[in-house]
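Report on the structure
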Amino acid sequence: MDTKELVRMANQIAGFFQSYPRDEAVAETAAHIRSFWEPRMRSRLLDHAAAGGEDLHEIAREAAGILDEKTAAIP
């Protein structure tokens, strides 16, 4: 799956949660990606976010920061 598709998917998730309070929206977006995306997909999203996160919804970008902190221990 290419990065553009991952960004689209992450933005859809972030868009769903954007009506939640900000901290909760970020946490829920991160939790969804952590729970339902395979490690290669998460890794590619984190790489994209680390490179500037072009076209990523701001909630998805913040969620990637949470994932980056917590994913190190997750296979």
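Residues numbered from 1 in each chain as written. Predicted model: local features only at pLDDT ≥ 70, side-chain atom pairs only at ≥ 80, totals over all residues. Heavy atoms only, no water.

Quick look at the packing of aromatic side chains
Applied cut-off: When the centres of two rings from Phe, Tyr and Trp lie within 6.5 Å, Trp using its six-membered ring, the rings pair. Their planes under 30 degrees apart give stacked, over 60 give edge-to-face, and anything left gives tilted. Think of it in three bands: residues with accessible area under 20% of the maximum for their type are buried, residues over 50% are exposed, and the middle band is partly exposed, with areas taken using a 1.4 Å probe on protein chains only.
The final tally for this structure, using the stated rule, is two aromatic pairs. With 5.1 Å between their ring centres and 90 degrees between their planes, phenylalanine 17 and tyrosine 20 make a pair best called edge-to-face. The exposure class of phenylalanine 17 is buried, given its relative accessible area of 10%. Taken together, Phe16, Phe17 and Tyr20 form an aromatic cluster joined through their ring pairs.

Points about helix H2 (residues 22-36)
What counts here: Starting at the N terminus, helices and strands are each numbered in turn, a helix being any DSSP run of H or I of at least four residues and a strand any DSSP run of E of at least two. Between the first and last residue of a helix there are one fewer steps than residues, each counted as 1.5 Å, and that sum is the expected span. What the arc describes is the spread of directions from the helix axis to the C-beta atoms.
When the terminal C-alpha atoms of H2 are compared, their 21 Å separation across 15 residues agrees well with the 21 Å that a helix rising 1.5 Å per residue should span. For H2, the set of buried residues is Ala25, Val26, Thr29, Ala30 and Ile33. Summarising the axial view, the buried residues of H2 lie within an arc of 125 degrees, below the 170-degree limit, and thus occupy one face. Residues of H2 that are exposed and point over 90 degrees away from its buried face: Asp23, Ser35 and Phe36.

Focus on the pattern of salt bridges
Applicable threshold: The term salt bridge refers to a side-chain nitrogen of Lys or Arg lying within 4 Å of a carboxyl oxygen of Asp or Glu.
By the definition in use, this model includes four salt bridges. Where arginine 22 meets glutamate 62, a salt bridge forms, and the shortest distance between an N and an O atom there is 2.4 Å. Of this pair, arginine 22 sits in helix H2 while glutamate 62 sits in helix H4 (residues 58-70), and the two are 40 residues apart along the sequence. We classify arginine 22 as partly exposed; its relative accessible area is 34%. Looking at glutamate 62, the relative accessible area reads 36%, which means it is partly exposed. Residues participating in the shared-partner salt-bridge network are Arg22, Glu58 and Glu62.

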